[in-house]
Amino acid sequence: MILILVPNTRSDSPEYKQLLAHLANLPGISTRIHTEVGTEQTLTELYLIGNTKALSTDEISNLPCVERVVRVSEEYRVLGRHQNDSRSSSFEYNGVLFSQDTLNIFAGLCAVDTLEHVEIMMKALQAEGQVCTRMGAYKPRTSPYSFQGHGKSCLPYVFDLAGKYGIKVIAMEITHEAHLEEIRTALHQTGNATGVMLQIGTRNTQNFELLKIVGRQQTFPVLIKRGFGITLDESINAAEYLASEGNRKVIFGLRGMKTNMGDPHRNFVDFAHVPVVKRLTRMPVCIDPSHSVGTRAGSPDGILDIMHATAQGIIAGANMVLVDFHPVPSKALVDGPQALLMKELPLYLEDIQIARDAYLKRVELVKRYSQESD
């Protein structure tokens, strides 16, 4: 059960203290507090954990400070969609809005290799009016002998260049809690020139201790990718780990499933699950066509497989795209064969807009038919 309090409820007010005292006396019920501080108001939610079935919604609604009550299902308690749940599915970070209705493109380098390549990428994004990118500093690899990223040494120039070219959010995977502090330090040293969206990669989706640590901080939003060969339910529960620790600025990433049925692609493209995740949860949904397809191969119509997969996800309602570009893919230290070319960036963005327009027309079509049937 979730208690949504009246906006700007003060923790030192007599009414708030009275409410907590009442909840503390409920047998078998513990309370977890989540506070979201916005520019105009502070929102507080109380999560009642335990056997809440016996609690009367009407009685709880009449307690001091309570604006409304949401009775949740057993699964996905924080991030899930529940009956009569009107909580927002959006959040803003560093001036960029993320929701189940928006679309943000994170084109960039899978792995940072040189300062020159980073600057070429960011300059191209600025020319196309883009304010988000992906830049890998820490790269988990299957082989211990493969390049695993420059780590903290590249962060200062990546953040400086982001500020120079107006990049507001960088998606960056972390694999250890130490990386979190390294990012904080580099951002501070560069005058917070940009923002970072922490990324939990597919290999770490069930690294529960890392999820807890990342969830406890609320500075950075988190993109969590579907797990390596695990079910959708298990992956959404991994996202719930983040939210249960306090960070609800979570985006769910689909990146293909590990199975030979996906051949000749790198993974079996699972973008049909975009609307499923949006139906089950309030999370925006990201697609990663680069790691799903894994190749620059194209079909007889001249369209690259990565572009086809992207369009499939967009036309299904995806809210974010994570995609690899590189100035010289043959020299890329990670995933060069799947990287798109810089000259293809305008084409890619225009193709995305076509798919996005088609999705919005589909939504309007359904609304119109629904209204006519009513």
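Up top is the structure.
Residues numbered from 1 in each chain as written. Predicted model: local features only at pLDDT ≥ 70, side-chain atom pairs only at ≥ 80, totals over all residues. Heavy atoms only, no water.

**Q** Any chance you could explain the pairing of strand β14 (residues 320–324) here in plain terms?
**A** Looking along a regular strand, one sees the side chains alternate between the two faces of the sheet. Counting buried positions along β14 gives 5 out of 5 residues, so the element sits mostly inside the fold. In this sheet, β14 lies alongside strand β7 (residues 104–108) in parallel orientation, the contact comprising 5 bridges. Across the sheet, residue N104 finds its bridge partner in β14, namely M320. In this sheet, β14 lies alongside strand β13 (residues 285–287) in parallel orientation, the contact comprising 2 bridges. Residue pairing across strands places C286 opposite M320, the latter belonging to β14. (Buried < 20%, exposed > 50% of the residue type's maximum accessible area, 1.4 Å probe, protein only. Helix = DSSP H or I, 4+ residues; strand = E, 2+ residues; numbered from the N terminus. Pairing = 2+ DSSP bridges.)

**Q** Would you mind going over the sheet that holds strand β3 (residues 42–50) with me for this structure?
**A** Strands pair in a sheet through their backbones, by hydrogen bonds, and they do so in one of two ways: parallel or antiparallel. An order of β2-β3-β1-β4 is seen for the 4 strands of this open sheet, with the pairing classed as antiparallel. Each edge of the open sheet carries a strand with a single partner, namely β2 (29–37) and β4 (66–70). On average, adjacent strands in this sheet sit at an angle of 20° to one another, irrespective of strand direction. Pairing between strand β1 (residues 2–5) and β4: 4 bridges, direction antiparallel. Within the sheet, the bridge partner assigned to L5 lies in β4 and is V66. Strand contacts of helix α1 (residues 14–24): β1, β2, β3 and β4, with the helix running at about 10° to β3, the strand carrying the most contacts. (Axes fitted to C-alpha atoms, helices over the stretch in contact; angles between N-to-C directions. Contact = heavy atoms within 4.5 Å.)

**Q** Honestly, the sheet that holds β14 in this entry has me stumped. Any pointers?
**A** Spatially, the 8 strands line up as an open sheet ordered β7-β14-β13-β12-β11-β10-β9-β8, and their pairing is parallel. At either end of the open sheet lies a strand with only one pairing partner, and these are β7 and β8 (132–134). Shown here is a sheet whose adjacent strand axes are inclined to one another by a mean of 25°, direction ignored. Relative to strand β9 (residues 169–173), β8 is paired through 3 bridges, and the arrangement is parallel. In the strand pairing of β9, C132 is matched with V169.

**Q** For this particular structure, what's the right way to read helix α11 (residues 345–373)?
**A** Side chains that are three or four residues apart share a direction in an α-helix, a result of its 3.6 residues per turn. Taking 1.5 Å of rise per residue, the 29 residues of α11 would be expected to cover 42 Å, and the 42 Å separating its terminal C-alpha atoms lies within 8% of that figure. Buried within α11 are the following residues: L345, Y348, L349, I352, A355, R356 and Y359. (Expected span 1.5 Å × (residues − 1).)

**Q** Would you mind showing me how to read the layout of surface pockets here?
**A** To find leftover empty space, one rolls a probe the size of a water molecule over the atoms. In this structure, the second largest pocket spans a volume of roughly 330 Å³. Forming the boundary of the second largest pocket are 20 residues, of which P140, R203, R255, R266 and H291 lie nearest the centre. Counted by class, the lining of the second largest pocket contains 4 nonpolar, 6 polar and 10 charged residues. (1 Å grid on protein atoms, 1.4 Å probe; cavity = no way out; pocket = protein on both sides within 12 Å on 5 of 7 lines; lining within 4 Å. Points joined across faces, edges and corners; volume = space filled by probe spheres on them. Nonpolar A, V, L, I, M, F, W, Y, C, P; charged D, E, K, R; others polar.)

**Q** Would you mind showing me how to read empty space enclosed by the protein here?
**A** Applying the stated criterion across every chain yields a total of 3 cavities of 30 Å³ or more. Taken as a whole, the largest cavity spans an internal volume of roughly 50 Å³. Surrounding the largest cavity, L109, C110, A111, D324, F325, H326, A332, V334, D335, G336 and A339 form its lining. Taken together, the residues of the lining of the largest cavity sort by class into 7 nonpolar, 2 polar and 2 charged. A volume near 40 Å³ is recorded for the second largest cavity. Around the second largest cavity sit C110, R134, M135, G136, K139, A171, E173 and Q199, which together line it.

**Q** Would you explain helix α4 (residues 155–164) in this entry?
**A** For α4, the complete set of buried residues consists of L155, V158, F159, L161 and A162. Buried residues of α4 fall within an arc of 165° about the axis and therefore sit on the same side. Where α4 is buried, its residues touch α3 (115–127), β9, α5 (177–189) and β10 (195–200). G166 sits one or two residues past α4 and shows a positive phi near 75°. (Arc of directions from axis to C-beta.)

**Q** Would you mind showing me how to read the pattern of salt bridges here?
**A** Overall, the coordinates contain 13 salt bridges when judged by the stated rule. Linking D12 and R10 is a salt bridge whose minimum nitrogen-to-oxygen distance equals 2.7 Å. Classification of D12 by relative accessible area gives partly exposed; the value is 43%. You can call R10 exposed: its relative accessible area is 54%. With a shortest N-O distance of 2.9 Å, K164 and E119 are connected by a salt bridge. With a gap of 45 residues between them, K164 in helix α4 and E119 in helix α3 connect regions that are remote in the sequence. (Salt bridge = Lys/Arg side-chain N within 4 Å of Asp/Glu carboxyl O.)

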